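Summary of the model geometry
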Amino acid sequence: MTTNMSGPTETTASSGESDGKIKDSNLRLTTTAWIAILILVFWVGVAVFAPFLAPYGEGDMVSMESFKVVEESSFLGTDYLGRDVLSRIIYGARMTLGLALIATILSFSTGIVLGFVAAISRGWVDQILSRSVDAIMAFPSIMLALIIIGGVGTSLPVVIFTVAMIDATRVFRLSRARALALDASVMEYVNVAEARGEGVTWIMLQEILPNTIVPLAAEFGIRYTFAILFISSLSFLGLGVQPPGADWGVMVKENLQGLLYGAPAALLPAACITTVSVAVNLLVDWFLHRSSTTIPGELME
Amino acid sequence: MTYTILHRLALGLVTMWVVSPLVFASTEILPGDVAESILGKEAPAEVVAAMRERLGLDRPAYVRYWDWLSGLLVGDLGVSLASGREITELISDRLWNTVRLAAITAVISVPLAVILGLVSAMKAGTLLDRTISIGTLCVISVPEFFMAALLVFVFAVQLRWLPAMPILRPDQSFLSSMWSLALPILTLTFAVLAHMTLMTRNAVINVLSSAYIEMALLKGVPNYRIILFHAFPNALSPIINVIALNLAYLVAGVVIVETAFSYPGLARLMVDAVATRDIPLVQACGMIFSVTYVMLNLFADILSIVSNPRLRLSQ
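Residues numbered from 1 in each chain as written. Chains lettered and ligands numbered in written order. Predicted model: local features only at pLDDT ≥ 70, side-chain atom pairs only at ≥ 80, totals over all residues. Heavy atoms only, no water.

1. Examining the overall build of chain A
Definition in use: Labels follow the DSSP assignment, with helices taken as runs of H or I lasting at least four residues and strands as runs of E lasting at least two, numbered in each case from the N terminus. Burial classes: relative accessible area under 20% of the type maximum marks a residue as buried, over 50% as exposed, and values in between as partly exposed (1.4 Å probe, protein chains only). In this description, contact between two residues means that some pair of their heavy atoms is separated by no more than 4.5 Å. Surface exposure here means Shrake-Rupley accessible area, sampled with a 1.4 Å probe, where a residue is shielded only by the protein chains that are shown.
When its secondary structure is counted, chain A shows eleven helices and zero strands. The buried share of chain A, taken over its 301 residues, is 50%. The contacts of chain A with a sequence gap of at least 6 include a subset with a gap of at least 24, amounting to 69%. As displayed, chain A offers around 13700 Å² of accessible surface, 66% of which is attributable to carbon and sulfur atoms.

Set out below in structure tokens:
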């Protein structure tokens, strides 16, 4: 794909070929992208400033009344133990979004490094890595997580590691495939670098990463929502974040019984998860549409 | 074609075999072993050693793996640590409950998805199509447990139409058990319906853009005939693939749904076993689910080979 084909927003896209800057027309945000960004900025803000925003601590019992809007609680009422639902949602944002972010960063660093290593070295290294990944992917991911947690017991590091490992297999496949699919011109640079005696790390960072950044960035969004959903599902099953920690999945689990008495405390955190996953999906969608009209390398400074 | 199918079958068998040591290995990652986790950390060393001997844990790992695997093949799944009962006995009822839930969901969701997808493709671009598309996209972004909570809140609590928690009795008629299972089935249906609908729509629309469809159009073949007799058979292969993959996805979906509705199925048994660290039971359930998943994937591949004219006629 060339710059000359830069889609419906033609403006000046084809004029300044290789000045290395991102084109204005490509950066234009659509309404949905704006909404998505606003939602995400909102949640990141909530997560970062949780202790300042939350009226109560995450484990504070503010009332003896369960599932009621009482004067001690803020306007969302209390949960099954009489804790303030709003405060727990605010702290839950921190836990849920934070854990998922750590898991995604971990999965990306391992997945990309191993994927590129497999693509560069080929041969038996590639065979071993690829077949191991195939074996892991033969399991439904939730089963794999249950089996690992069953064997090791649950704790935050175990949950993060498990989700990161499951995610890393997908990232591995993508980054390996992308690195292998690089066209001949890029591979020439790689060959020259190899001949110059550059190490694998240098080649990965300087030659391959810049040329695969667009699909990988989109994948990051997709994996991040997967991690959020996965971690909150595990918490919902009682195997992820343990009470009294506030996590959106845990909150749904804890307050599920309340639904039967007409208390919507379980619906709120579930709705929060949905807003985040919808927002990330919208953003990824916008990003893929936008970047499909650009040379991947153009994104780099 | 026979060669392609045999090749795929062999690959499936290898995958199933690869799954088993991985499931078995989960006991080996643990520092310490099952004996310690039964007796607790404070137990004296001699007692732990005796327990180890009683459970056969003093033998090397590969011997135990072989024992476990050969037991598995003849249907001997071992003994549950938590209850001391035979796992086969624990599982049989639960397995039937899960199969029933998944089967009813499949019977409802597959035809519904194919019909919705076809209608959507036939009316592509109209309000109806867009409503279906937006609806399915919304459903995809919602986690299953949210869907479960939402459906309970709306249909059981607010409207009081359906029972919130399934109560199963052995003397129930089929209809009344369907009634009490309505909400779990509905949740699972939503979980798989959206993908199947979207993929059916896209597959048919994809085929509709090919030259022979244009030819049929120019010949004056009526629209519904083009969809049903020209496009649909050619879109069948990708659709079948998506359906089988989504049925495999039911394996994951039941874990959440059974927990949300406290449904006495195999997945719930497994989640409880994970919580109590009942490792033999986790392994047995994990094996059953994983093998089912691998087999459904295998089934999907073979069906799509058989239903694809180009693959069917090669060789």
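2. Concerning the nonpolar core
In a soluble, globular protein the nonpolar side chains are often hidden away together inside. So the rule is basically this: Side-chain atoms within 4.5 Å are what join buried Ala, Val, Leu, Ile, Met, Phe, Trp, Tyr and Cys residues into a set we call a nonpolar core. Domain limits in this description derive from either an automatic procedure or a database domain assignment.
Grouped together as the largest cluster of nonpolar side chains are 143 residues, with contacts concentrated most on W43, L97, L146, L237 and W248 of chain A together with I91 and M270 of chain B. If one sorts the elements of this core by residue count, helix α11 (residues 223-260) of chain B sits on top with 15 residues. Counting contributing residues, this core receives three or more from each of domain 1 (2-73) and domain 2 (89-314) of chain B. For L97 of chain A, the contacting residues outside a window of four places in its chain are W43, A47, G92, Y224, I228, W248 and V276 of chain A.

3. Focus: the pattern of salt bridges
Here is the rule we go by: Any Lys or Arg side-chain nitrogen found within 4 Å of a carboxyl oxygen on Asp or Glu counts as a salt bridge.
Throughout the structure, instances matching the rule amount to twelve salt bridges over all chains. A salt bridge links E254 of chain A to R83 of chain A; its shortest N-O distance comes to 3.3 Å. Taken together, the residues span a long stretch of sequence, with E254 of chain A in helix α10 (residues 248-259) and R83 of chain A in the loop between α3 (50-53) and α4 (85-121) at a distance of 171 residues. Summarising the burial analysis for this pair, E254 of chain A and R83 of chain A share the class buried. Between R8 of chain B and D301 of chain B there is a salt bridge, and its shortest N-O distance comes to 2.4 Å. Of this pair, R8 of chain B sits in helix α1 (residues 2-29) while D301 of chain B is found in helix α13 (residues 279-307), placing the two residues 293 residues apart along the sequence.

4. A word on the packing of aromatic side chains
Using the following cut-off: Two rings from Phe, Tyr or Trp (for Trp, the six-membered ring) form a pair when their centres sit within 6.5 Å of each other. Planes less than 30 degrees apart are called stacked, planes more than 60 degrees apart edge-to-face, and all others tilted. Lysine NZ or arginine CZ positioned within 6 Å of the ring centre and within 35 degrees of the ring normal marks a charge as sitting over the ring.
Summed over the entire model, instances satisfying the criterion amount to nine aromatic pairs over all chains. Ring geometry for F42 of chain A and W43 of chain A: centres 5.0 Å apart, planes at 65°, overall edge-to-face. Ring centres of F155 of chain B and W161 of chain B lie 6.0 Å apart, and the angle between their planes is 40°; this geometry places the pair in the tilted category. Here F155 of chain B falls in the partly exposed class, since its relative accessible area comes to 21%. On the accessibility criterion, W161 of chain B (55% relative accessible area) is exposed. Members of the aromatic cluster, each reached through a chain of ring pairs, are F42, W43 and W248 of chain A. Lying over the aromatic face of F226 of chain A, R223 of chain A brings its terminal NZ or CZ to 5.0 Å of the ring centre.

5. Comments concerning the packing of helix α6 (residues 141-152) of chain A against helix α12 (residues 266-275) of chain B
Selection criterion: In this analysis an axis means a line fitted to C-alpha atoms, helices contributing only their contacting stretch, and an angle means the value between N-to-C directions, from 0 to 180 degrees. Roughly parallel means an angle under 35 degrees; roughly antiparallel, over 145; roughly perpendicular, 65 to 115; everything else is oblique. Crossing handedness: left-handed means the near helix sits turned counterclockwise from the far one by under a right angle, and right-handed means the same turn made clockwise. Residues are grouped as follows: nonpolar covers Ala, Val, Leu, Ile, Met, Phe, Trp, Tyr, Cys and Pro; charged covers Asp, Glu, Lys and Arg; every other residue, Gly included, is treated as polar.
Here α6 of chain A crosses α12 of chain B at 30°, and the two axes come no closer than 8 Å. Between α6 of chain A and α12 of chain B, the angle is such that the two are roughly parallel. Read as a crossing pair, α6 of chain A and α12 of chain B show a hand that is left-handed. For the pair α6 of chain A and α12 of chain B, the contacting residues are M143, L146, I147, I149 and G150 of chain A in the first and M270, V271 and V274 of chain B in the second. Class assignment of the residues belonging to the contact of α6 of chain A with α12 of chain B gives a composition of seven nonpolar, one polar and no charged.

6. Description of the confidence of the model for chain B
All names here are of chain B. Selection criterion: On a scale of 0 to 100, pLDDT captures the predictor's confidence in every residue.
With 90% of its residues at a pLDDT of at least 70, chain B reaches an overall mean of 80. Predicted confidence in chain B is weakest over helix α14 (residues 309-313), with a mean pLDDT of 65, and strongest over α12, with 88. Our summary of model confidence lists the complex with pTM equal to 0.81 and ipTM equal to 0.79.

7. Remarks on the domain arrangement of chain B
Residue and element names in this part refer to chain B. Note the threshold: Computed with a 1.4 Å rolling probe, the buried area is the accessible surface lost when two parts are put together, summed over both parts. We define a polar contact as two N or O atoms separated by no more than 3.5 Å, with the added condition that, inside protein, one atom must be a possible hydrogen donor and the other a possible acceptor, whereas residues neighbouring each other in sequence contribute only through side-chain atom pairs.
For chain B, the domain assignment lists domain 1 (2-73) and domain 2 (89-314). Contact with domain 1, which involves 17 residues of that partner, is made by 14 residues of domain 2. Interface of domain 1 and domain 2: buried area, both sides summed, is about 1500 Å²; carbon and sulfur atoms make up 81% of it. The largest share of the area that domain 1 buries against domain 2 comes from I5, R8 and M16, three residues that together contribute 36% of it. There are two residue pairs in polar contact (both at pLDDT 80 or more) connecting domain 1 and domain 2. Broken down by secondary-structure element, the contributors of at least two residues to the side of domain 1 that touches domain 2 are α1 and α4 (61-73). Considering each element in turn, the side of domain 1 that touches domain 2 owes the most residues, 13 residues, to α1. A breakdown of the residues in the side of domain 1 that touches domain 2 according to their chemical character gives ten nonpolar, six polar and one charged.

8. So, the environment of L186 of chain B
Residue and element names in this part refer to chain B. Note on placement: L186 falls in helix α9 (residues 182-208). According to the relative accessible area criterion, L186 is partly exposed, its value standing at 29%. Along the backbone, L186 and S109 are 77 residues apart, and their C-alpha atoms lie at a distance of 9.2 Å. Setting aside its immediate chain neighbours within four residues, L186 contacts L151 and F155.

9. Describing the interface of chain A and chain B
With 35 residues of chain A at the contact, the number on the chain B side is 37 residues. Summed over both partners, the interface of chain A with chain B buries about 3200 Å², with 83% contributed by carbon and sulfur atoms. Among the residues chain A hides against chain B, the three largest losses belong to F139, M143 and I147 of chain A. Together they make up 17% of the total. The tally of links from chain A across to chain B stands at zero salt bridges. Between the two partners, chain A and chain B, sit zero residue pairs in polar contact (both at pLDDT 80 or more). Breaking the side of chain A that touches chain B down by element, the ones donating at least two residues are α5 (123-137), α6, α9 (200-236), α10 and α11 (267-291) of chain A. Taken together, the residues of the side of chain A that touches chain B sort by class into 27 nonpolar, eight polar and no charged.

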